[in-house]
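A structural walkthrough
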Amino acid sequence: MEATQELEHQIRDSSTPDVLEKGAFHAPPLTAHLAALLRSRNMTVQDVILRCNLDRSYAYQMFNGTRTPTRNFLLRLAFLLRLSETEVQRLLKIAGRPALYARNRRDAAVLYGLVHGLSAEETEDLLHSLCEEGLA
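Notes on the structure follow. Starting afresh in each chain, residues are numbered from 1 along the sequence in its written order. Local features in this predicted model are restricted to residues whose pLDDT is 70 or higher, and side-chain atom pairs enter the listing and the counts only when it is 80 or higher, whereas totals over whole chains, interfaces and linings include all residues. To get the side-chain values, take all heavy atoms of the structure and skip hydrogens and water.

1. Details of the overall build of the protein chain
- Scanning the protein chain for helices and strands turns up eight helices and zero strands.
- The N-to-C order of helical and strand elements in the protein chain reads α-α-α-α-α-α-α-α.
- Each residue is assigned to one of three classes by its accessible area relative to the maximum for its type, calculated with a 1.4 Å probe on protein chains only: buried under 20%, partly exposed between the two thresholds, exposed over 50%. Scored against the burial criterion, the 136 residues of the protein chain give a buried share of 37%.
- Only heavy atoms enter the contact rule, under which two residues are in contact if any of them lie within 4.5 Å. When contacts within the protein chain are restricted to residue pairs at least 6 apart in sequence, those whose partners lie at least 24 apart make up 53%.
- Accessible areas in this description were obtained via Shrake-Rupley with a 1.4 Å probe; residue shielding takes into account the shown protein chains only. Put simply, the protein chain shows about 8,400 Å² of open surface, and 51% of that area lies on carbon and sulfur atoms.
- Counted charges follow a simple rule, with Lys and Arg positive, Asp and Glu negative, and His plus the chain ends left uncounted. Every charge is mapped onto a representative atom, which is NZ of Lys, CZ of Arg, CG of Asp or CD of Glu. Here the protein chain contributes 16 positively and 17 negatively charged side chains, and the mean placements of these two sets differ by 4 Å. Helix and strand labels come from DSSP, where a helix needs a run of H or I of at least four residues and a strand needs a run of E of at least two; each type is numbered from the N terminus.

2. Notes on the layout of surface pockets
- Buried and open spaces are told apart on a 1 Å grid over the protein atoms alone, a cavity being a set of points where a 1.4 Å probe fits but cannot get out and a pocket being an open set with protein on both sides within 12 Å along at least five of seven lines. Residues with an atom within 4 Å of a point are the lining residues. Grid points are joined across faces, edges and corners, and a volume is the space filled by probe spheres set on the points. Roughly 270 Å³ of internal volume is contained in the second largest pocket.
- Lining the second largest pocket are R51, C52, R76, F79, L80, R82, S119, A120, E121, E124, L135 and A136.
- Elements represented by at least two residues in the lining of the second largest pocket include exactly α3 (45-52), α5 (71-81) and α8 (120-129).
- Gly is put with the polar residues, along with every residue not named as nonpolar or charged; the nonpolar set is Ala, Val, Leu, Ile, Met, Phe, Trp, Tyr, Cys and Pro, and the charged set is Asp, Glu, Lys and Arg. Class assignment of the residues belonging to the lining of the second largest pocket gives a composition of six nonpolar, one polar and five charged.

Listed below in structure tokens is the structure:
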């Protein structure tokens, strides 16, 4: 599947709407995206289970597509994998979850944690200090 940027380039450069007839308008399946993220960070599902303190069967259900991950799980995973802001927003979009929104104080605190390299625990502390819902 071609990159979104390449598709955007084709749309801008096309003099006809023929480019819209191609089948490149689907995001990768969440399971494939999660697997690719783990591979890129040299991690396994077992690593995520241990580091995020997850129930084994629940975790495997999320990674095999049987169960849709919650937004909070995806955010905890983002901190574990040290994803960039762009990568986090893409992960949330592919999962069908709301993107982080800077005008929402909780989301702003999560963005702050991501951008400033805080751990999930440090971000959790920040959220609690602001009386906002945590990531767990």
